[in-house]
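Each chain, letter by letter, is given below.
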Amino acid sequence: MTAAADEDLAAGFDATIAAGDRIEPRDWMPEGYRKTLVRQIAQHAHSEIIGMQPEGNWITRAPSLRRKAILLAKVQDEAGHGLYLYSACETLGVSRRDLMEQLISGAQKYSSIFNYPTLSYADVGTIGWLVDGAAICNQVPLCRTSYGPYGRAMIRICKEESFHQRQGYELLATMMRGTDEQRAMVQESVDRFWKPALMMFGPPDADSPNTQQSMDWGIKRHTNDELRARFIEMSAPQAAALGVTLPGNDLDWDEFWRIVKGGGPCNAQRIAHRKKAHDDGAWVREAATAYARSPR
Amino acid sequence: MTNSDWPLYEVFVRSKRGLNHVHVGSLHAPDDAMALRHARDVYTRRSEGVSIWVVRSDTITASSPGEKDPLFAPSGDKVYRHPTFYDIPDNVPHM
């Protein structure tokens, strides 16, 4: 291809972004744009899949059939969200096998929030309210992201996340109407999850060197600190209505980076469990493949 | 063998009677029947559809984005194909 043709393609890409139009899978795109999207969408997909574990931990110990049905549906949604996002990521020319391998090897990351343990059933409520709440805050602007398949996956996900947040808040509200012990469980859970939830928006803008390029490309629409501030503002009246106190907003970024780099309380356990689930499912995939190939 | 070796399918869902099937996404499956089952689980957990089509992605023939201009150019200069091209007096009803 000639240099002039390359320039034409780049100009076409820039014009599409400038017009606020979407880039679609077979369009030409700069390699940096593609790489940034693969990294971000893969991280997002892995977060959904790993995110099934902290809550899945409580399915067999749900306090009622109602709560169990809700939690099962929610964890099943997380699997679905992971699949939407893996599909979007594959449109960029990476294979599902590569994505899986890079999660297991640690080459690609997932949200640091899922490396914290879930110690009580109140955590199921807190995760719905604060963790899914933070995710929604992050994801609503991504429905308008410049890459078509990513935006469409985010629209589907946002529709479903609303149920996740509301079931969590309702769970906590129910506990707050219970005994002193239950109220204490809710406060203790909120105390543990508030700051990690705030860290879900990523490092402060000053330490987020890729943000400006991502915004220029229309991948991100707001900076980490903008979204974090918006979430804090939205959460305050919700906490007041619930009757819990939110801890302060001073964040320990050393802790954040330690967990991102694999040093969190549950990093090793999460990856080992994911690998085991994949390995344990091998016979099912093999059987389905054999059946598909058998003459019928 | 992992599911990355399974072929990719595109999924289309008719949300209700009277509407077209619309593309909703894709998934991997070992065969057509499993693709349909996976599509139900992944794309219609909340009664989003009354009918699903799955089709292997490698059987779809698509126009290339590079051909966009030459392929669609012929319709660009035919404004007379649109009803608003024609002036009809205001006092002529039902048109």
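Residues numbered from 1 in each chain as written. Chains lettered and ligands numbered in written order. Predicted model: local features only at pLDDT ≥ 70, side-chain atom pairs only at ≥ 80, totals over all residues. Heavy atoms only, no water.

1. Structural notes on the overall build of chain A
Then, in step 1: The helix and strand inventory of chain A stands at 13 helices and 0 strands.
Then, in step 2: Ordering the α and β elements of chain A from the N terminus gives α-α-α-α-α-α-α-α-α-α-α-α-α.
Then, in step 3: Taking the principal axes of the C-alpha coordinates as reference, chain A spans close to 75 × 55 × 35 Å.
Then, in step 4: Residues classed as buried in chain A amount to 51% of the 296 residues present.
Then, in step 5: Long-range contacts, defined as pairs at least 24 residues apart, comprise 79% of the intrachain contacts of chain A with a sequence gap of at least 6.
Then, in step 6: Total accessible area on chain A stands at roughly 13,900 Å², and carbon and sulfur atoms take up 56% of it.
Then, in step 7: Chain A carries 35 positive and 37 negative side-chain charges, and their two centres are separated by 6 Å. (Helix = DSSP H or I, 4+ residues; strand = E, 2+ residues; numbered from the N terminus. Buried < 20%, exposed > 50% of the residue type's maximum accessible area, 1.4 Å probe, protein only. Contact = heavy atoms within 4.5 Å. Areas by Shrake-Rupley, 256 points an atom, 1.4 Å probe, with all protein chains shown as cover. Lys, Arg positive; Asp, Glu negative; His and termini not counted. Charge placed at Lys NZ, Arg CZ, Asp CG, Glu CD.)

2. Some points on helix α8 (residues 180–199) of chain A
Residues spaced three or four apart along an α-helix face the same direction, because each turn holds 3.6 residues.
Then, in step 1: Compared with an ideal rise of 1.5 Å per residue, which puts 20 residues at 28 Å, α8 of chain A spans 30 Å between its outermost C-alpha atoms and is within 8% of the ideal.
Then, in step 2: By the largest-angle criterion, Phe193 of chain A marks the main kink of α8 of chain A, which is about 35 degrees, and a proline, Pro196 of chain A, follows within four residues. (Expected span 1.5 Å × (residues − 1). Bend = angle between axes of the 7 residues up to and from the residue.)

3. A few points about unusual backbone geometry
Trans is the common state for peptide bonds, and a negative phi is the common state for residues other than glycine.
Residues and elements named next belong to chain B.
Then, in step 1: In the Ramachandran plot, Ser47 falls in the positive-phi region, its phi being about 55 degrees despite a non-glycine side chain.
Then, in step 2: Along the chain, Ser47 turns up in the loop between α1 (32–43) and β3 (51–56).
Then, in step 3: Of note in the backbone geometry, His94 takes a positive phi value of approximately 55 degrees without being a glycine.
Then, in step 4: The residue His94 is located in the segment after α2 (68–72) in this model.
Then, in step 5: The exposure class assigned to His94 is exposed, which follows from its relative accessible area of 84%.

4. Overview of the interface of chain A and chain B
Then, in step 1: The interface of chain A with chain B comprises 23 residues on the first partner and 21 residues on the second.
Then, in step 2: Regarding the contact of chain A and chain B, the summed buried area is about 2,000 Å², with carbon and sulfur atoms giving 49% of it.
Then, in step 3: Area buried by chain A at its contact with chain B is led by Arg26, Arg97 and Arg156 of chain A, which between them contribute 27% of it.
Then, in step 4: Between the two partners, chain A and chain B, sit 4 salt bridges. (Buried area = accessible area lost by both parts, 1.4 Å probe. Salt bridge = Lys/Arg side-chain N within 4 Å of Asp/Glu carboxyl O.)

5. Description of a nonpolar patch on the surface
Residues and elements named next belong to chain B.
Then, in step 1: There is a patch of nonpolar side chains on the surface, built from Val79, Tyr80, Phe85, Tyr86, Ile88, Val92 and Met95 and spanning about 710 Å² of accessible area.
Then, in step 2: Looking at the element boundaries, Phe85 is found in the segment after α2.
Then, in step 3: Note on Phe85: relative accessible area 44%, which makes it partly exposed. (Patch = residues over 30% accessible without salt bridge, like charges linked within 9 Å, V, L, I, M, F, W, Y side chains within 5 Å.)

6. Observations concerning the confidence of the model for chain B
Residue and element names in this part refer to chain B.
Then, in step 1: Residues of chain B with pLDDT of at least 70 account for 93%, and the chain-wide mean is 89.
Then, in step 2: Per-element confidence in chain B is highest for β3, whose mean pLDDT is 98, and lowest for α2, whose mean pLDDT is 75.
Then, in step 3: Both scores are available for the predicted complex, with the pTM at 0.92 and the ipTM at 0.89. (pLDDT = per-residue confidence, 0-100.)

7. Section: the packing of helix α4 (residues 65–90) of chain A against helix α7 (residues 148–176) of chain A
Residue and element names in this part refer to chain A.
Then, in step 1: Orientation of α4 relative to α7, taken along the N-to-C sense of each, is 160 degrees, at an axis distance of 10 Å. One finds that α4 runs roughly antiparallel with respect to α7. At the point where α4 passes α7, the crossing takes the left-handed sense. (Axes fitted to C-alpha atoms, helices over the stretch in contact; angles between N-to-C directions. Parallel < 35°, antiparallel > 145°, perpendicular 65-115°, else oblique. Left-handed = near helix turned anticlockwise from the far one by under 90°.)

8. Overview of the sheet that holds β3 of chain B
Residue and element names in this part refer to chain B.
Then, in step 1: Within the open sheet, the 3 strands sit side by side as β2-β1-β3. Their pairing is antiparallel. With partners counted over all chains shown, the strands left at the sheet margins are β2 (21–28) and β3, one partner each. Averaged over all pairs of adjacent strands, the angle between strand axes in this sheet comes to 25 degrees, irrespective of strand direction. (Pairing = 2+ DSSP bridges.)

9. Some points on the side chain of Asn115 of chain A
Residues and elements named next belong to chain A.
Then, in step 1: Structurally, the position occupied by Asn115 is in the loop between α5 (96–105) and α6 (122–139).
Then, in step 2: Asn115 sits in the buried class, given a relative accessible area of 2%.
Then, in step 3: Within the local environment of Asn115, its side chain forms a polar contact with the side chain of Asn267, the two groups lying 3.5 Å apart. (Polar contact = N/O pair within 3.5 Å; in protein donor to acceptor, adjacent residues only side chain to side chain.)

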